[in-house]
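Geometric and topological summary
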Amino acid sequence: MCSLNRYVAFEGIDACGKTTQTKLFYEYLIHTGKDVFLTKEPGDTATGKKIRNIILQDNIDDKAALLLFLADRVLTINKIKDKLKNSYVVSDRSLYSTIAYQSYGSGIDLNLIEQFNQFATGGLKPDVVFYIDISINVMYERLSNFDKMEDKGEEFFNRVRDGYLKMADRYDNIYKIDGMQNKKDVFRDIVEIWNNL
Ligand SMILES: Nc1ncnc2c1ncn2[C@@H]1O[C@H](COP(=O)(O)OP(=O)(O)O)[C@@H](O)[C@H]1O
Ligand SMILES: [Mg+2]
């Protein structure tokens, strides 16, 4: 099977619509007769779920969180590598989240994070990334709707969003989508890009 455009990831700040669009896109590929593995980072393996709980519950140090996210990545990537032999892989987040949150957001050195990502993945990256862009105001509105407030503060999320915007400019495999449209229009844009790759 051709290895082009088979590993697809969805990225963006909290509540931008990743989980919504990941599922829609997964169903779309299934509907078109593809074999698809749906996954997410962090927490898609039994050990990964424990790791995710530690990160979420213990409100730990940024460096410790980085290393735990990377440990989770090793486990998920092993699964993804195996699945890519025969299937498409659609993932809710990927290594770019670590660059956006832990480097641009928390200020950990970008080169170091890129080396860690390389170490954790062996160089495997998503072929296509849909970065769903929303403003920080829209993020807070949506989070208050489903009662899941983040405690990192507005400045943190501004930096994370700026990081994503920079990456979308810099990397050819990252496609920026306007996430402030309704869900149907966001999905229409995603499918349009996908069908023109
Ligand atoms: N385009 C959209 N317009 C309005 N609300 C949306 C849109 N996309 C998602 N939502 C809502 O915002 C919340 C977060 O969506 P979700 O897909 O879980 O985002 P994420 O996985 O990026 O955190 C959910 O309540 C979802 O229904
Ligand atoms: Mg989600």
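Refer to the preceding data block for the structure.
Below, the structure is looked at part by part. Values in this document were obtained by computation on a predicted structure and should not be read as measured data.

Attention shifts here to the sheet that holds strand β3 (residues 88–92). Sheet strands pair by backbone hydrogen bonding; their relative direction is either parallel or antiparallel. Ordered in space as β2-β3-β1-β4-β5, the five strands form an open sheet in which the pairing is parallel. Every other strand in the sheet has two partners, leaving β2 (36–40) and β5 (174–178) as the edge strands with one partner each. In this sheet, neighbouring strand axes are inclined to one another by 20 degrees on average, regardless of whether the strands run parallel or antiparallel. Here four bridges tie strand β1 (residues 7–11) to strand β4 (residues 128–133), and the two strands are oriented parallel to one another. Paired with A9 across the strands is V129, a residue of β4. Contacting β1, β2 and β3, helix α3 (residues 62–83) runs over the sheet at an angle of about 170 degrees to β2. Strands in contact with helix α8 (residues 183–195) are β4 and β5; relative to β5, the strand with the most contacts, it is inclined by about 150 degrees.

With that settled, the discussion passes to the nonpolar core. Judged by nonpolar contacts, the single largest core of 40 residues is most densely connected at V8, V90, A100, F130, Y131 and I132. Excluding residues that lie within four positions of it along the chain, V90 makes contacts with V8, T22, F25, Y26, L29, V36 and L38.

This brings us to helix α1 (residues 18–31). If you check α1, its first and last C-alpha atoms are 20 Å apart, about what 14 residues at 1.5 Å a residue would give, namely 20 Å. Restricting attention to buried positions, one finds in α1 the residues K18, Q21, T22, F25 and Y26. Looking down the long axis of α1, one finds its buried residues gathered within 140 degrees of arc, a one-sided arrangement. Of the surrounding secondary structure, the elements contacted by the buried residues of α1 are β1, β2, β3, β4 and α8. G33 sits one or two positions beyond α1 and adopts a positive phi of about 90 degrees.

Below, the discussion takes up the environment of F130. Its place among the elements puts F130 in strand β4. Spatially, the C-alpha atoms of F130 and F157 are 18 Å apart, while their sequence positions differ by 27 residues. Setting aside residues no more than four positions away along its own chain, F130 makes contact with F10, Q21, Y175, I177 and I190.

A few words on the environment of L95. Its place among the elements puts L95 in helix α4 (residues 95–105). Remark: the alpha-carbon pair of L95 and K125, spanning 30 residues in sequence, is separated by 7.5 Å. With near-sequence residues (within four places) excluded, L95 lies in contact with R73, N117, T121 and K125.

This paragraph deals with the site of ligand 1. Every one of the 15 residues lining ligand 1 counts as a neighbour, but G17, K18, T19, T20 and R142 are closest to it. For the shell around ligand 1, the elements supplying multiple residues, two or more each, are α1, α6 (136–145) and α8. A total of three residues in the shell around ligand 1 trace back to one element, the largest contributor, which is α1. Class assignment for the residues of the shell around ligand 1 results in four nonpolar, seven polar and four charged.

This part is about α3. Taking 1.5 Å of rise per residue, the 22 residues of α3 would be expected to cover 32 Å, and the 31 Å separating its terminal C-alpha atoms lies within 8% of that figure. Among the residues making up α3, those that are buried are A65, L66, F69, L70, D72, R73, T76, I77 and I80. On the buried face of α3, the contacting elements are β1, β2, α2 (46–58), β3, α4 and α5 (110–121).

What counts as what
Residues numbered from 1 in each chain as written. Chains lettered and ligands numbered in written order. Predicted model: local features only at pLDDT ≥ 70, side-chain atom pairs only at ≥ 80, totals over all residues. Pairing = 2+ DSSP bridges. Helix = DSSP H or I, 4+ residues; strand = E, 2+ residues; numbered from the N terminus. Axes fitted to C-alpha atoms, helices over the stretch in contact; angles between N-to-C directions. Contact = placed C-beta atoms within 7 Å. Core = buried A, V, L, I, M, F, W, Y, C linked by C-beta atoms within 7 Å. Buried ≥ 20, exposed ≤ 12 C-beta atoms within 10 Å, placed from the backbone. Expected span 1.5 Å × (residues − 1). Arc of directions from axis to C-beta. Near = placed C-beta within 6 Å. Nonpolar A, V, L, I, M, F, W, Y, C, P; charged D, E, K, R; others polar.

Structural measurements only, silent on function.
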